[in-house]
Amino acid sequence: MLNIALFGPPGAGKGTQSKLLLEKFNLTYISTGDILREEIANNTPLGIEAKGVIEKGGLAPDELIVQIIEKKVTMNLNSAGILFDGFPRTVVQAYILEGLLSKMNTSLTCMLSLEVPQDQLVKRMLERAKVGGRSDDNMEVIKVRLQEYDNKTKPVINFYQEKNKYFPINGVGTVESIFGKLVETIESTMKQDFFNVVLLGKPGSGKGTQGELLARNNNLVYISTGKLLRKEIAGNTEIGKIAKPFMERGEIVPDEIAIRLIEKKIQHHPSADGFVFKGFPRTVVQAYILDGLLRRVNSRVTCMLNIKLPTLEAIKRLNDRGKTERKRAYDTSTDLILNRLDEYEKKTKPVIDYYKKQTIFFEVDGSGTEEEVNGRLEEAVVKTVKQLRG
Ligand code: AP5
Ligand code: MG
């Protein structure tokens, strides 16, 4: 999801720019100011509670804002993203937003702040008062609104600056030129997010071959826990010694080991465009772990591609590989092959269900030549990118 908070003092142009951004990025709009005004107009209990404070230019209580936001955010779980106008306006609200979005397995992409000098803000709002007639656009109330912004809202800047998500934008100029700057900033932050592919499929389905191709063609870093583990074993490292017996039996190695290897690999490539994860996650627990690992770098799984292949075909491929130089220790015995296929059925299938619920997901036919399968996977990547852009 592309989640943007449009920030800035009263009169900075948040509402004006929101209209343009919504259309451009196909986002859901949540303006706490608009919602409050509507509640007041409809004389709802919420509106009645908020009215007195807003008329004087103060901020509505956080408790009240939570109710509004929670309802709106959970209603829009499936949208391409959310544009928040005038929220979060206090540090408490920033924490609330973090919690809500993380519950939805997403996060705020960026906070864009429109910077406009105070005299201009006042001028704009007084101008608007002549035509629009918002009851809080009079000098007395404007003063309080600006004060509230300085005292309670400005500290929110720090909160997002520390997360590298705060982007100040000069809000003086034509509406179009400011919009251009906003779009440019959003597109560059979208690019900063890793593009992470989880490649699933039973043993022998071609994940290794296809994963490396996908990574190379899309400028991603290939992370195969199997490959990393084999390297540790070959180097006879501490990790290698622990992992060896598990690998030899065709079993899944302890999670702590895989975590350490993946974390090291991600940290090694901070400027990568993204990663292709192959052979991990193999269990639902590992799926949660991967989410956690990616969240630490402000990212998430972008899409899951599942390569489908009939079991007999998989056995045949593994058998064939067992006769070549690329053979693995566990390719040479039918018992081990069956053992791995069995582990896959039991533990990895639930992983597919896990991702189906929360990420972009494609099933890809794994039969045919390497090029044919690669073509299908690349097509899925293109579709994912399209879906992300809305
Ligand atoms: P809210 O409705 O959010 O108002 P605000 O923050 O005071 O901001 P405005 O809507 O007045 O300005 P804007 O930045 O949207 O600018 P606009 O595009 O309209 O909140 C109202 C009240 O609700 C708050 O005071 C508070 O009490 C309460 N509230 C809301 N959210 C809350 C929360 N989360 N927690 C607690 N309380 C909350 O532009 C302004 C004018 O300038 C327009 O006339 C426009 O045409 C013009 N203009 C725009 N761009 C330009 C430009 N580039 N050049 C020249 N003029 C321009
Ligand atoms: Mg507004």
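**Quick look at helix 14 (residues 284–296)**
An α-helix turns once per 3.6 residues; consequently, residues spaced three or four apart project the same way.
Part 1 of the argument: An ideal rise of 1.5 Å per residue puts 18 Å on 13 residues; helix 14 measures up with 19 Å between its terminal C-alpha atoms.
Part 2 of the argument: What helix 14 keeps buried is the set Gln 286, Ala 287, Ile 289, Leu 290, Asp 291, Leu 293 and Leu 294.
Part 3 of the argument: Tucked inside the fold, the buried residues of helix 14 contact strand 6 (195–201), helix 13 (255–268), strand 8 (274–278) and helix 16 (334–358).
Part 4 of the argument: With its phi angle positive at about 60°, Asn 298 sits one or two positions after the end of helix 14.

**Quick notes on the domain arrangement of the protein chain**
Part 1 of the argument: The assigned domain composition of the protein chain is domain 1 (2–192) and domain 2 (197–389).
Part 2 of the argument: Relative to domain 2, the C-alpha centre of domain 1 lies at a distance of 42 Å.

**Quick look at the packing of aromatic side chains**
Part 1 of the argument: Counting across every chain of the model gives 8 aromatic pairs.
Part 2 of the argument: Summarising the aromatic geometry, the rings of Tyr 288 and Tyr 354 are spaced 5.0 Å apart at their centres and angled 70° between planes, so their arrangement reads as edge-to-face. Of this pair, Tyr 288 sits in helix 14 while Tyr 354 sits in helix 16, and the two are 66 residues apart along the sequence.
Part 3 of the argument: Residue class for Tyr 354 comes out buried when judged on its relative accessible area of 8%.
Part 4 of the argument: On the numbers, 5.2 Å between centres and 90° between planes, the contact of Tyr 354 with Tyr 355 is edge-to-face.
Part 5 of the argument: For Tyr 355, a relative accessible area of 1% corresponds to the buried category.
Part 6 of the argument: The structure contains a cluster of three or more aromatic residues connected by ring pairs, namely Tyr 95, Phe 159 and Tyr 160.
Part 7 of the argument: Cation over ring: Arg 249 sits above Phe 246, and NZ or CZ is 5.4 Å from the ring centre.

**Details of the site of ligand 1**
Part 1 of the argument: Taken together, the neighbourhood of ligand 1 is formed by 28 residues, with Thr 16, Thr 32, Gly 58, Arg 89 and Arg 128 sitting nearest.
Part 2 of the argument: Between ligand 1 and the protein, one listed contact pairs an oxygen atom with a side-chain N or O atom of Thr 16 at 2.4 Å.
Part 3 of the argument: Between ligand 1 and Thr 32, the relevant distance is 2.7 Å, taken from a nitrogen atom to a side-chain nitrogen or oxygen of the residue.
Part 4 of the argument: If ligand 1 stood free it would expose 1000 Å²; the protein chains cover 86% of that surface.

**Some words on the sheet that holds strand 6**
Part 1 of the argument: Pairing is parallel in the open sheet, where 5 strands are placed in the order 7-8-6-9-10. Of all strands in the sheet, those bounded by a partner on one side alone are strand 7 (221–224) and strand 10 (360–365). This sheet shows a mean twist of 20° between the axes of neighbouring strands, independent of strand direction.
Part 2 of the argument: Its contacts with the sheet put helix 16 on strand 6, strand 9 (303–308) and strand 10, and the angle it makes with strand 6 is roughly 145°.

**Regarding the layout of surface pockets**
Part 1 of the argument: Roughly 1800 Å³ of internal volume is contained in the largest pocket.
Part 2 of the argument: Residue lining of the largest pocket: 47 residues in total, with Met 1, Asp 193, Arg 300, Thr 302 and Leu 388 positioned closest to the centre.
Part 3 of the argument: Where the lining of the largest pocket is concerned, the elements lending two or more residues are helix 5 (91–103), helix 9 (175–192), helix 14, helix 16 and helix 17 (370–389).
Part 4 of the argument: Here the lining of the largest pocket is built from residues that sort into 17 nonpolar, 17 polar and 13 charged.
Part 5 of the argument: Three or more residues apiece are contributed to the lining of the largest pocket by two domains, here domain 1 (2–192) and domain 2 (197–389).
Part 6 of the argument: By volume, the second largest pocket amounts to about 1100 Å³.
Part 7 of the argument: Contributions of two or more residues to the lining of the second largest pocket are made by strand 6, helix 10 (207–218), strand 7, helix 11 (225–234), helix 15 (311–322), helix 16 and helix 17.
Part 8 of the argument: A breakdown of the residues in the lining of the second largest pocket according to their chemical character gives 14 nonpolar, 18 polar and 17 charged.

**Quick notes on the packing of helix 2 (residues 32–41) against helix 3 (residues 45–56)**
Part 1 of the argument: Following both chains from N to C, one finds helix 2 and helix 3 inclined at 115°, their axes separated by 8 Å at the closest point. Classed by the angle they form, the pair helix 2 and helix 3 counts as roughly perpendicular. Once helix 2 is placed against helix 3, the crossing between them reads as left-handed. Only Leu 46, Gly 47, Ala 50, Lys 51 and Ile 54 of helix 3 make contact with helix 2, whose side of the interface consists of Leu 36, Glu 39 and Ile 40.
Part 2 of the argument: Here the residues of the contact of helix 2 with helix 3 sort into 5 nonpolar, 1 polar and 2 charged.

**Some thoughts on the nonpolar core**
Part 1 of the argument: The biggest cluster of nonpolar side chains holds 32 residues, and the ones touching the most others in it are Val 198, Ile 223, Leu 229, Phe 275, Phe 277, Leu 290 and Tyr 355.
Part 2 of the argument: Contributions of two or more residues to this core are made by strand 6, strand 7, helix 11, helix 12 (238–248), helix 13, strand 8, helix 14 and helix 16.
Part 3 of the argument: Sequence-distant contacts of Tyr 355, that is, excluding residues within four places in its chain, are made with Val 198, Leu 200, Pro 281, Ala 287, Leu 290, Val 301 and Met 304.
Part 4 of the argument: One finds Ala 5, Ile 65, Ile 68 and Leu 108 within the second-largest nonpolar core, a separate group that totals 30 residues.

**A short note on the sheet that holds strand 1 (residues 4–7)**
Part 1 of the argument: Reading across from one edge, 2-3-1-4-5 is the order of the 5 strands in this open sheet, with parallel pairing throughout. In this open sheet, the two edge strands, each paired with only one partner strand, are strand 2 (28–31) and strand 5 (166–170). Sheet twist, expressed as the average angle between the axes of neighbouring strands with direction ignored, equals 20°.
Part 2 of the argument: Note that strand 2 and strand 3 (residues 82–85) share 4 bridges and pair parallel. Looking across to strand 3, one finds that Ser 31 is bridged to Asp 85.

Calculation criteria
Residues numbered from 1 in each chain as written. Chains lettered and ligands numbered in written order. Predicted model: local features only at pLDDT ≥ 70, side-chain atom pairs only at ≥ 80, totals over all residues. Heavy atoms only, no water. Helix = DSSP H or I, 4+ residues; strand = E, 2+ residues; numbered from the N terminus. Expected span 1.5 Å × (residues − 1). Buried < 20%, exposed > 50% of the residue type's maximum accessible area, 1.4 Å probe, protein only. Contact = heavy atoms within 4.5 Å. Domains from an automatic or database assignment. Phe/Tyr/Trp six-rings, centres within 6.5 Å; stacked < 30°, edge-to-face > 60°. Lys NZ or Arg CZ within 6 Å of the ring centre and 35° of its normal. Near = heavy atom within 4 Å. Polar contact = N/O pair within 3.5 Å; in protein donor to acceptor, adjacent residues only side chain to side chain. Areas by Shrake-Rupley, 256 points an atom, 1.4 Å probe, with all protein chains shown as cover. Pairing = 2+ DSSP bridges. Axes fitted to C-alpha atoms, helices over the stretch in contact; angles between N-to-C directions. 1 Å grid on protein atoms, 1.4 Å probe; cavity = no way out; pocket = protein on both sides within 12 Å on 5 of 7 lines; lining within 4 Å. Points joined across faces, edges and corners; volume = space filled by probe spheres on them. Nonpolar A, V, L, I, M, F, W, Y, C, P; charged D, E, K, R; others polar. Parallel < 35°, antiparallel > 145°, perpendicular 65-115°, else oblique. Left-handed = near helix turned anticlockwise from the far one by under 90°. Core = buried A, V, L, I, M, F, W, Y, C linked by side-chain atoms within 4.5 Å.

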